[in-house]
Amino acid sequence: MNAFLAQLLNGLDKGGAYALIALGLTLVFGTLGVVNFAHGALFMLGCFCAVAFRYLLTIETVTVDPTQLSPWGQPVEVRTPLVQNWFGDFGAVLVDYSVPISVLLTVPVMLAIGIAMERGLIKHFYKRTHAEQILVTFGLAIVLQEIVKSFFGPNPVPQPIPTDLRGAADIGLLLGMEAHQLTYPWWRLIYLFFSLAVIGGVFAFLQFTTFGMVVRAGMADRETVGLLGIDIGRRFTIVFGLAAVVAGVAGAMYTPLLAPNYLIGMDFLVLSFVVVVVGGMGSLTGAVAAGFLLGILQSFASMTEVKSLFPGIDQVIIYLVAVVILLVRPRGLLGRRGVMEG
Amino acid sequence: MTKLILGRRRLLKTMGAGVAASLASPLVFTSRSYGQEFCNNPANGRVVFGFNVPQTGSYAEEGLDQLKAYELAVKHINGEGDGGMLNTLKPLSLKGNGVLGKKVEFVTGDTQTNTDAARDGARRMIERDGAIMVTGSVTSGEAIAVQSLCQEKGVIYMAGLTHSNDTTGKDKRRYGFRHFFNAHQSGVAIAPLLAQEYGTDRRAYHLTADYTWGWTQEESIKAATEALGWETVAAVRTPLGLGDYSQYLTPVMNSGADVLILNHYGHDMVNSLPQAVQFGLRDRQANGKNFEIVVPMFSELMAVGAGEAVKGIIGTSNWHWALEDEGTKAFTKSYGEAYGSPPSQSAHTGYVQALLYADACERAGTFYPPEVIKALEGFEFDGAGNGPTLYRDADHQCFKEVLVVRGNENPTSKFDVLNVVGRTARADVTYDPTIFEGELGPYEPNQC
């Protein structure tokens, strides 16, 4: 039972990341009809927003302490972050909590990047074939990766979890078990709740605001909405920005779980496309449901008992599911009839 | 149209020269001058060393540190700087004026922590850059692939950091030499401390990087711990460079194991160990005992990367910068002054390998690989930081003492992350070479 619950939590936590990325990808496909292969790069840019923010916070002053010598006989350099000099303990807290605080920076940065990307490049490819859209967005992703690589180098840049949020929550105690029988890292739980909150926020925004209503109407019938005198193009630009924000904040919060390098987006892109295909192209609920479903399946496939029956199944389970879905139900679990069929 | 005009005198001269050349040819073929015709012979050209290390990928940090040490070694060989271990290595034939009177140059390559890229890089160094010797690695996959290529090309390969038993076991080569210790030696060295600290009644769960090094380390540590009386509950392979280990860590909690053994290195360990700690494994009780984590082989760079999680963790190391011998002090001083941080074990092994190759050429009086190989085989030396050391001729493995280390609970600086808690004597980690398969192969060099 403990093993089952631990794997379920692990699956939900992974699924949260998959769902967030797939949600943005689906938003763009559902509204603009664009297959955006640069979406993984947006996730990567979000990761590096967190990295850049920490770099800014940890700009240091260097003083030489002649009373202390290093093992090779040189005076020791004492480095102190500037914010700590300026704000004392509060500065130290800012550095410690750089990742969650960086989300606040990530939102406007990613919104600006998303809007610039849509206005500058993507809009010119609305009426082109999906193959051409894939080529141009894939090229854009490579350009973005190389820019990030030139600034931050090719290697992963670890981001720390805030000191107070390290360690594991004793979930077992809440369920009446003995202490330490079922523990799960705090940050992973936070990430799960964060992803649920973002998903909920996006759905609420589309469901309960006038803007969202117009966007949903535009997704259903763009021409009719245009005939009503509504500038649907401008709203879709903002939707693209929103998708970039969702991918970006997903990336920023993920950095303590996986040290990002410039290729991190590509690793997630393939997975998120599989999630979108399984969930149904253009279906927001499908993307979210498939994200969590595949995360949980992948987690259960990693159980020793399962792997002893099917060695290596944990590496291929997601792709196996995608193959089965494409064969049996090409429009995906919750896709609209006719999309990707026939 | 061209006319061939050949006079009688000229014809006779040409025939005479031909006959003389034919008569003299057997002498030429047995002379040393013919024997010196080998791949990238620097007799009339440059002496180029090829430094082939991972500068990107999972083991980049160790590779970049190794590269810095190679550059320092070249400076010292060429007589620049304070000389480092040239002041302590005994016996020593190097004079601080290059090798055999020629200044050493070098080329570098990025193996990307990838076997194919490592092999391609080494090939480029040999075929395009004229490297007389190739050195460097942080994964055993790279080392074994490059070693095999170097045997084909007739170019000596001085392996960098490679810990798999296979490097000097089933995949050993006449042209390959390893200074670094191996997984078998780690098992022998770590077992007594594990028994002392954690007892002999334990149940171990292995997470193992899925390539040659991980496999042989798992095999050696399993053998060593099972000999103590420990039971192996499971041994699970994880892909190299995975990043997120959560799906592999959750099954550990309910496996009945009370020890997790992480056969991971570089970024893999820097990710897996903190994640294991985040999952609360070290706070758990299992089978009535505290749950423990062991990392059988780790380094200072990994310890710094893993941060707080490394405190109290037991492992083994090839070398540590804080050792008190003269060789270590000299190298740490040179390296620290040059780069502002103490050298890692990866840097140390690379530096020593470069010096040992250069010194072997000097002792042999030639760059001709079979003679250099013979100068290295069975070579006994001291003053390189590990005490008296032997380059065994049977398998080209170095034998020296092995360090048992533990993550420092109370570090006094950011470099003070590991404590040396034990030293296993060279005699104790020396084994019969026939326990591993493999053949060294021929001395005769190929033409590249």
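Treat the numbers as computed from the prediction; the structure is a model and nothing was measured.

Rules of the game
- All residue numbers refer to position in the chain's written sequence, counted from 1.
- For this description, chains carry letters from A and ligands carry numbers from 1, given in the order in which they are written.
- Restriction of local features to residues with pLDDT of at least 70 applies here, the model being predicted, together with a cutoff of 80 or more for giving and counting side-chain atom pairs; totals for whole chains, interfaces and linings are based on all residues.
- Side-chain numbers here rest on the full set of heavy atoms in the structure, without hydrogens or water.
- Secondary structure follows DSSP: runs of H or I at least 4 residues long count as helices, runs of E at least 2 residues long count as strands, and numbering of each begins at the N terminus.
- Think of a polar contact as two N or O atoms within 3.5 Å of one another; within protein, one of them needs to be a possible hydrogen donor and the other a possible acceptor, and neighboring residues in sequence only count if both atoms come from side chains.
- Accessible area is worked out with a 1.4 Å probe on protein chains only. A residue is then buried under 20% of its type maximum, exposed over 50%, and partly exposed in between.
- Following DSSP output, two strands are said to pair if at least two bridges run between them.
- Orient the strands so they point away from the viewer, and a crossover whose first-strand-to-second-strand path over the helix runs clockwise is right-handed.
- Under the pairing criterion, centres of Phe, Tyr and Trp rings, with the six-membered ring standing for Trp, must be within 6.5 Å; the plane angle then separates stacked pairs below 30 degrees from edge-to-face pairs above 60, leaving the rest tilted.
- Put simply, a charge is over a ring when the Lys NZ or the Arg CZ is close to the ring centre, within 6 Å, and near the line of the ring normal, within 35 degrees.
- Residue contacts follow a heavy-atom distance rule, with two residues in contact if any of their heavy atoms lie within 4.5 Å.
- Patch membership is restricted to residues that have no salt bridge and whose relative accessible area is over 30%. Joining uses 9 Å for like charges and 5 Å for the nonpolar side chains Val, Leu, Ile, Met, Phe, Trp and Tyr.
- Under the convention used here, a 1.4 Å probe and the Shrake-Rupley method define accessible areas, while residue burial counts only the protein chains that appear.
- Throughout this description, the term salt bridge denotes a Lys or Arg side-chain nitrogen within 4 Å of a carboxyl oxygen of Asp or Glu.
- Residue ranges assigned to each domain were obtained from an automatic or database domain assignment.
- What counts as buried area is the accessible surface, traced by a 1.4 Å probe, that two parts surrender upon association, with contributions from both included.
- Put simply, Ala, Val, Leu, Ile, Met, Phe, Trp, Tyr, Cys and Pro go in the nonpolar bin, Asp, Glu, Lys and Arg in the charged bin, and everything else, Gly too, in the polar bin.
- Fitting a line to C-alpha atoms yields each axis, with helices limited to the stretch in contact; the angle taken between N-to-C directions then spans 0 to 180 degrees.

What follows deals with the side chain of Gln275 of chain B. Residue and element names in this part refer to chain B. Inspection of the secondary structure assignment puts Gln275 in helix α9 (residues 266–278). A polar contact of 2.9 Å, which involves the side chain of Gln275, links it to the backbone oxygen of Gly243. Reaching out from Gln275, the side chain makes a polar contact with the backbone nitrogen of Tyr245 at a distance of 2.7 Å.

What follows concerns the pairing of strand β12 (residues 314–317) of chain B. Strand residues, when the strand is regular, have side chains that alternate between the two faces of the sheet. Residue and element names in this part refer to chain B. The two faces of β12 match: Ile314 and Thr316 on one face and Gly315 and Ser317 on the other face are all buried. Sheet topology note: the strand β11 (residues 292–297)/β12 ladder contains two bridges and is parallel. Looking at the pairing, Met297 lines up with Thr316 of β12. Crossover connection from β11 via helix α10 (residues 300–306) to parallel β12: handedness right-handed. In this sheet, strand β16 (residues 402–407) lies alongside β12 in antiparallel orientation, the contact comprising four bridges. Within the sheet, the bridge partner assigned to Ile314 lies in β16 and is Arg406.

Before going further, it helps to examine the environment of Gln207 of chain A. Residues and elements named next belong to chain A. One can find Gln207 in helix α8 (residues 186–208). A residue is classified by how much of its surface remains accessible, and Gln207, at 44% relative accessible area, is partly exposed. Expressed as a C-alpha distance, the spacing of Gln207 and Ala289, which sit 82 residues apart in the sequence, is 18 Å.

Let's shift gears to the pairing of strand β1 (residues 47–53) of chain B. Residue and element names in this part refer to chain B. With seven of its seven residues buried, β1 lies for the most part within the structure. Covered by surrounding structure in β1 are Val47, Phe49, Phe51 and Val53 together with Val48, Gly50 and Asn52, the residues of both alternating faces. Here β1 runs beside strand β2 (residues 104–110); their pairing, made up of seven bridges, is parallel. Paired with Phe49 across the strands is Phe106, a residue of β2. With helix α3 (residues 60–77) bridging β1 and its parallel neighbour β2, the resulting β-α-β unit is right-handed. Strand direction decides the pairing type here: β1 and strand β3 (residues 131–135), joined by four bridges, are parallel. When the sheet's bridge partners are listed, Phe51 is paired in β3 with Thr135.

Moving on, we get to the packing of aromatic side chains. When we look at a pair of aromatic rings, we describe it by the centre distance and by the angle of the planes. Overall, the coordinates contain 32 aromatic pairs over all chains when judged by the stated rule. Here the aromatic residues Phe43, Tyr191, Phe194, Tyr254 and Phe268 of chain A are joined through ring pairs into a cluster of three or more. Taking NZ or CZ as reference, Arg174 of chain B lies 4.1 Å from the ring centre of Tyr443 of chain B, over its face. Stacked on the ring of Tyr443 of chain B, the Lys or Arg Lys374 of chain B has its end atom at 5.1 Å from the ring centre.

Residue and element names in this part refer to chain B. Mapping Ser299 onto the fold places it in the loop between β11 and α10. Exposure remark for Ser299: the relative accessible area of 0% places this residue in the buried category. Once the C-alpha coordinates of Ser299 and Gly266 are considered, the two residues, 33 residues apart in sequence, prove to be 8.4 Å apart. Non-local contacts of Ser299, meaning those with residues more than four positions away in its chain, are made with Glu62, Tyr265, Ser317, Gln345 and Leu418.

Judged by side-chain polarity, Trp86, Phe87, Phe90 and Val93 of chain A come together as a nonpolar surface patch covering roughly 480 Å² of accessible area. Along the chain, Val93 of chain A falls in helix α4 (residues 89–96).

All names here are of chain B. Here chain B is partitioned into domain 1 (42–182 + 321–400) and domain 2 (184–317). Taking only C-alpha atoms, the centre of domain 1 and the centre of domain 2 are 30 Å apart. Across the boundary between the two partners, domain 1 contributes 26 residues, which contact 23 residues of domain 2. Approximately 2000 Å² of surface area, both sides summed, lies buried where domain 1 meets domain 2, with 52% of it carried by carbon and sulfur atoms. Its largest share of buried area at the contact with domain 2, domain 1 owes to Ser58, Tyr59 and Gln345, together 27% of the area lost on that side. Inspection of the domain 1/domain 2 interface yields zero salt bridges. Taken together, the links from domain 1 to domain 2 amount to 19 residue pairs in polar contact (both at pLDDT 80 or more). At the level of secondary structure, the elements contributing two or more residues to the side of domain 1 that touches domain 2 comprise α3, α5 (140–153) and β15 (398–399). Among the residues making up the side of domain 1 that touches domain 2, the classes are represented as 10 nonpolar, 12 polar and four charged.

In this section: unusual backbone geometry. Residues and elements named next belong to chain B. Geometrically, the link from Lys90 to Pro91 is a cis peptide bond, its omega value of -5° lying close to zero. On the secondary structure map, Pro91 appears in the loop between α3 and β2. The phi torsion at Gln112 lies on the positive side, around 60°, for a residue other than glycine. With a relative accessible area of 46%, Gln112 lands in the partly exposed category. One non-glycine residue, Thr113, lies in positive phi territory at about 55°. Here Thr113 is to be found in the loop between β2 and α4 (115–127).

A common way to express how large an interface is: the accessible area buried when the components associate. With 35 residues of chain B in contact, the opposing surface of chain A contributes 32 residues. The interface formed by chain B and chain A holds two salt bridges in total. Put simply, Arg188 of chain A and Asp244 of chain B hold a salt bridge, and the shortest N to O gap is 3.0 Å. Inspection of the region where chain B meets chain A yields 14 residue pairs in polar contact (both at pLDDT 80 or more). Examining the composition of the side of chain B that touches chain A, we find that six residues originate from one element, helix α8 (residues 246–253) of chain B, more than from any other. Looking at the side of chain B that touches chain A, its residues break down into 13 nonpolar, 16 polar and six charged.

All names here are of chain B. In space, the seven strands of this open sheet follow the order β7-β6-β8-β11-β12-β16-β17, with mixed pairing throughout. Looking at the sheet topology across the chains shown, the edges are occupied by β7 (231–238) and β17 (418–424). Going across the sheet, the axis of each strand differs from the next one's by a mean of 25°, ignoring polarity. Summarising the sheet, strand β6 (residues 203–209) and β7 pair through seven bridges and their orientation is parallel.

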